[in-house]
Amino acid sequence: MRVDFYQLSRDPAELVVPLIARNTLGAGERLLVVSEDDAQLDRIGEALWTRLPDTFLANGRAGGAHDARQPILLSTEVEPANGAQFVALADGGWRESEAARVFLLFPPDRIDEARATWRLLGTREGVERKYWRQDGGKWREGP
């Protein structure tokens with residue numbers, strides 16, 4: 001499993017998830033976006049439709065009749081009803097997952113939790129960790 005830690009300092013998750021989604025779909029994968037905050041999921045859903053006008057990022061909320069067909073599924077649970085192997089944890093809270101790749105997006109006020117998760121995952125075999133931070137309008141790897 002690969003876990004990408006995204007420290008959000010300039011943009012909120014609602015603006016970053018569409019970029020991750022575009023790259024995920026471009027790689028031929030499906031994405032599950034998880035947040036306990038329904039309002040955040042609504043904002044992410046809207047951003048997926050409007051943030052990147054040159055890209056079609058079809059998405060739906062979990063619990064519908066067509067969950068399995070959704071390329072991007074928005075949910076409060078880490079159950080990939082769409083078969084996603086990529087999961088974006090948009091609210092900054094770590095959840096265990098069987099996914100091949102997890103994106104943990106966290107704001108500055110949750111950095112202590114992210115650090116604890118980094119340390120926890122560092123003790124596990126088969127987990128590759130990457131850290132990303134915003135530098136102006138670009139994402140840079142490293143501390």
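Scroll up to find the structure this text is about.
Residues numbered from 1 in each chain as written. Predicted model: local features only at pLDDT ≥ 70, side-chain atom pairs only at ≥ 80, totals over all residues. Heavy atoms only, no water.

Caption draft 1: Representation of the pairing of strand E4 (residues 72-75) within the structure. Here E4 shows two buried faces, one formed by Ile72 and Leu74 and the other by Leu73 and Ser75. Pairing between strand E2 (residues 31-34) and E4: four bridges, direction parallel. Looking at E4, one finds that Val34 is bridged to Ser75. (Buried < 20%, exposed > 50% of the residue type's maximum accessible area, 1.4 Å probe, protein only. Helix = DSSP H or I, 4+ residues; strand = E, 2+ residues; numbered from the N terminus. Pairing = 2+ DSSP bridges.)

Caption draft 2: Geometry of the environment of Ala88. Here Ala88 shows up in strand E5 (residues 86-89). On the basis of relative accessibility, which here comes to 0%, the residue Ala88 falls in the buried class. C-alpha of Ala88 to C-alpha of Val17: the two residues are 71 residues apart in sequence and 7.5 Å apart in space. Aside from chain neighbours lying at most four places away, what touches Ala88 is Leu31, Leu32, Val33, Val34, Phe103 and Leu105. (Contact = heavy atoms within 4.5 Å.)

Caption draft 3: Quick peek at the environment of Gln40. Mapped onto the secondary structure, Gln40 falls in helix H2 (residues 38-50). Residue classification places Gln40 among the buried positions, given a relative accessible area of 8%. In this structure Gln40 touches Ala13, Glu14, Ser35, Ala90 and Asp91, once residues within four positions along its chain are discounted. Within the structure, Gln40 has its side chain in polar contact with the side chain of Ser35 (distance 2.5 Å). (Polar contact = N/O pair within 3.5 Å; in protein donor to acceptor, adjacent residues only side chain to side chain.)

Caption draft 4: Spotlight on the layout of surface pockets. Its volume calculated, the largest pocket comes out at about 220 Å³. If you trace the largest pocket, you find it lined by Tyr6, Val16, Leu19, Ile20, Asn23, Thr24, Ala27, Phe86, Arg101, Phe103, Trp132 and Trp139. Of all the elements in the fold, those that place two or more residues in the lining of the largest pocket are helix H1 (13-26) and strand E6 (101-106). Element by element, the count of residues in the lining of the largest pocket is highest for H1, at five residues. (1 Å grid on protein atoms, 1.4 Å probe; cavity = no way out; pocket = protein on both sides within 12 Å on 5 of 7 lines; lining within 4 Å. Points joined across faces, edges and corners; volume = space filled by probe spheres on them.)

Caption draft 5: Geometry of the packing of aromatic side chains. Counted under the stated rule, the structure contains six aromatic pairs. Where Phe5 meets Trp118, the ring centres are 5.1 Å apart and the plane angle is 65 degrees; that geometry is what we call edge-to-face. Highlighted residues: Phe5 in strand E1 (residues 2-7) and Trp118 in helix H3 (residues 111-122), separated in sequence by 113 residues. Judged by its relative accessible area of 28%, Trp118 falls in the partly exposed class. In this structure an aromatic cluster arises from ring pairing among Tyr6, Phe86, Phe103, Trp132 and Trp139. (Phe/Tyr/Trp six-rings, centres within 6.5 Å; stacked < 30°, edge-to-face > 60°.)

Caption draft 6: Broad picture of the sheet that holds E5. Across the sheet, eight strands lie side by side as E3-E4-E2-E5-E6-E1-E7-E8; this open sheet has mixed pairing. On the outer flanks of this sheet lie strand E3 (60-61) and strand E8 (138-141), each paired with one strand and no other. The pairing of strand E7 (residues 128-135) with E8 spans four bridges and is antiparallel. Pairing of Gln134 across the sheet is with Trp139, part of E8. On top of the sheet, H2 reaches E2, E3 and E4; it is set at about 160 degrees to E4, its chief contact. (Axes fitted to C-alpha atoms, helices over the stretch in contact; angles between N-to-C directions.)

Caption draft 7: Quick look at H2. For H2, which comprises 13 residues, the first-to-last C-alpha distance of 19 Å matches the rise-based estimate of 18 Å (1.5 Å per residue) to within 8%. Taken together, the buried positions of H2 are Gln40, Leu41, Ile44, Gly45, Ala47 and Leu48. The buried residues of H2 occupy an angular sector of 165 degrees when the element is viewed end-on, so they sit on one face. Where the residues of H2 are buried, they touch H1, E2, E3 and E4. Capping of H2 at its N-terminal end is provided by Asp37; its side-chain oxygen lies 2.9 Å from the backbone amide nitrogen of Ala39. (Expected span 1.5 Å × (residues − 1). Arc of directions from axis to C-beta.)

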